[in-house]
Amino acid sequence: MSQHRTKKHTEAKDKSAFFAARKPQHKAADPQAQDGADSEYDTERDYTVSRQEDCPLTQSLLQSMLDAAVTKMQTTVTEALNDMRKGLKELEVRTSHLEGNVESLTGAHNETDIRLTKIEDQLYRQETKLADAEDRSRRSNVRLRGVPEDIAPQNLTAYAVEFFQTLLPDIPAEMFLLDRIHRLPKPQHLPPTTPRDVLMRLYHIKDQILRTHHTKKDLPTQFKDILMFMDLSAETLRRRRSFRAIADTLRHHHVPYRWGYLAKLLISKGGKLISATTPAEGLDLLQQWGMSRNTQPNPRNSGKPLPEEWRTQKTRGTSPRDE
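Residues numbered from 1 in each chain as written. Predicted model: local features only at pLDDT ≥ 70, side-chain atom pairs only at ≥ 80, totals over all residues. Heavy atoms only, no water.

In the annotation of an unreviewed UniProt entry, the protein chain is listed under the name Transposase and assigned to Pelobates cultripes.

This is the structure we're talking about:
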């Protein structure tokens, strides 16, 4: 009887032990209760989670979690800021280097610009001196335009003397001393039917002939289309050509003027002789006098549009002598 009770007591004890809840350390210690996918880390994590689930969410725990998150964020931001400071430092060094190079280049450019301005001024003065020397060597030359091509070269002297006697009939033929009279090559822009100019050297009464031809109107038919010009250098003609629009405007408003040395306009206005040494000065004078620019082409010109260089003080380049 006692053995039977002892056996039942043992079986009940075994059943209670079998159905009792197992502790985590027992589960970790029992190799039979784990499968191949579990590990020690998973065991500790489950244990931590179970502990957190067991612990209530208090203010101190929440504060510690927030402090940990803030600390981690501050660390990340600090590292990013350090990288940005490093990049900005390198950029500052490169910018300083570039600013130094730009400053050096600016100084060199300013020096070059000053030297170029001086060279341009020197070149302009040298061109003026050369043009003056060339004009002085041509002082006695006269150009005739409109002489028919059917006049033979050996008859040019007789034709010119007859023309001058028509202008100044009181002067004997012996006073018209001509030298080296010949025709000039014709510019390519002129039509084929235009006769070539005649160049001659005329002594003593050249200025008187030019002045009389400018004012005389009742010329014979054979000399009616003859034009006379002074033989000037290409540089002087180019500079005078830059005043063309101003001269046309003065003629349009019936304002008398004449050319001065080397290439300037001497304008007679209000009983005074006003000098315009550059096209810009001439333009200012026209604006002060309220004269509108003449847009009608001069019949003596080729009919081409007026160049824009007439507004500048110094013009460069060369052009054919088509005056």
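Chemist: Account for the overall build of the protein chain, naming residues and giving values.
Modeler: Counting its secondary structure elements, the protein chain contains nine helices and seven strands. Split into buried and exposed, the 323 residues of the protein chain put 26% on the buried side. In the protein chain, once contacts between residues fewer than 6 apart in sequence are set aside, the share between residues at least 24 apart is 64%. As presented, the protein chain carries roughly 23,700 Å² of accessible surface, and 55% of it is formed by carbon and sulfur atoms. (Helix = DSSP H or I, 4+ residues; strand = E, 2+ residues; numbered from the N terminus. Buried < 20%, exposed > 50% of the residue type's maximum accessible area, 1.4 Å probe, protein only. Contact = heavy atoms within 4.5 Å. Areas by Shrake-Rupley, 256 points an atom, 1.4 Å probe, with all protein chains shown as cover.)

Chemist: Give a detailed account of the packing of aromatic side chains, specifying residues and quantitative values.
Modeler: This model, assessed by the stated rule, comprises six aromatic pairs. For the ring pair Phe163 and Phe223, a centre distance of 5.2 Å and an interplane angle of 50° mean the geometry is tilted. Placement of Phe163 in helix H5 (residues 156–167) and of Phe223 in the loop between helix H6 (206–215) and strand E4 (227–230) is noted, with a sequence separation of 60 residues between them. The same class applies to Phe163 and to Phe223, which are both buried. A centroid spacing of 5.9 Å and a plane angle of 85° characterise the contact between Phe243 and Trp259, whose relative ring orientation is edge-to-face. Note that Phe243 is positioned in the loop between helix H7 (234–241) and helix H8 (244–252) and Trp259 in strand E5 (residues 257–260), a separation of 16 residues in sequence. The exposure class of Phe243 is buried, given its relative accessible area of 2%. Trp259 gets classed as partly exposed once you look at its relative accessible area, which sits at 29%. The ring of Tyr124 is capped by Arg239, whose NZ or CZ atom sits 4.2 Å from the centre of that ring. (Phe/Tyr/Trp six-rings, centres within 6.5 Å; stacked < 30°, edge-to-face > 60°. Lys NZ or Arg CZ within 6 Å of the ring centre and 35° of its normal.)

Chemist: Explain the sheet that holds E5 residue by residue, including any values.
Modeler: Spatial ordering of the open sheet is given by E5-E6-E7, a layout of three strands whose pairing is antiparallel. One side of each edge strand has no neighbouring strand; the edge strands of this open sheet are E5 and strand E7 (272–276). Sheet twist, expressed as the average angle between the axes of neighbouring strands with direction ignored, equals 30°. As judged from the four bridges shared by E5 and strand E6 (residues 264–269), these two strands associate in the antiparallel manner. Directly across from Gly260, in E6, lies its bridge partner Lys264. (Pairing = 2+ DSSP bridges. Axes fitted to C-alpha atoms, helices over the stretch in contact; angles between N-to-C directions.)

Chemist: Kindly report on the nonpolar core, identifying the contributing residues and their values.
Modeler: Among the nonpolar cores identified, the biggest contains 24 residues, and Leu144, Phe164, Ile209 and Met228 are the most heavily contacted of them. Broken down by secondary-structure element, the contributors of at least two residues to this core are strand E1 (141–145), H5, strand E3 (198–202) and H6. Here the element with the most residues in this core is H5; it accounts for six residues. Those residues in contact with Met228 that lie beyond four places of it in its chain are Val142, Arg143, Leu144, Phe163, Phe164, Leu167, Ile209, Leu210 and His213. (Core = buried A, V, L, I, M, F, W, Y, C linked by side-chain atoms within 4.5 Å.)

Chemist: So what about the side chain of Glu235? Which residues, and what values?
Modeler: Summarising the element assignment, Glu235 is placed in helix H7. The class for Glu235 is buried, based on a relative accessible area of 15%. Apart from the residues lying within four places of it in its own chain, the contact partners of Glu235 are Glu127 and Ala131.

Chemist: Which residues make up the sheet that holds strand E2 (residues 178–183), and what are the values?
Modeler: Either a parallel or an antiparallel arrangement is found when strands of a sheet pair, and the pairing is made through backbone hydrogen bonds. If you trace the four strands from one edge of the open sheet to the other, you get E2-E3-E1-E4, paired in antiparallel fashion. The sheet is open, and its two edges are formed by E2 and E4, each paired on a single side. Direction aside, neighbouring strands of the sheet carry axes that sit 25° apart on average. Note: E1 against E3, four bridges, orientation antiparallel. The partner of Leu144 across the bridge, within E3, is Val198.

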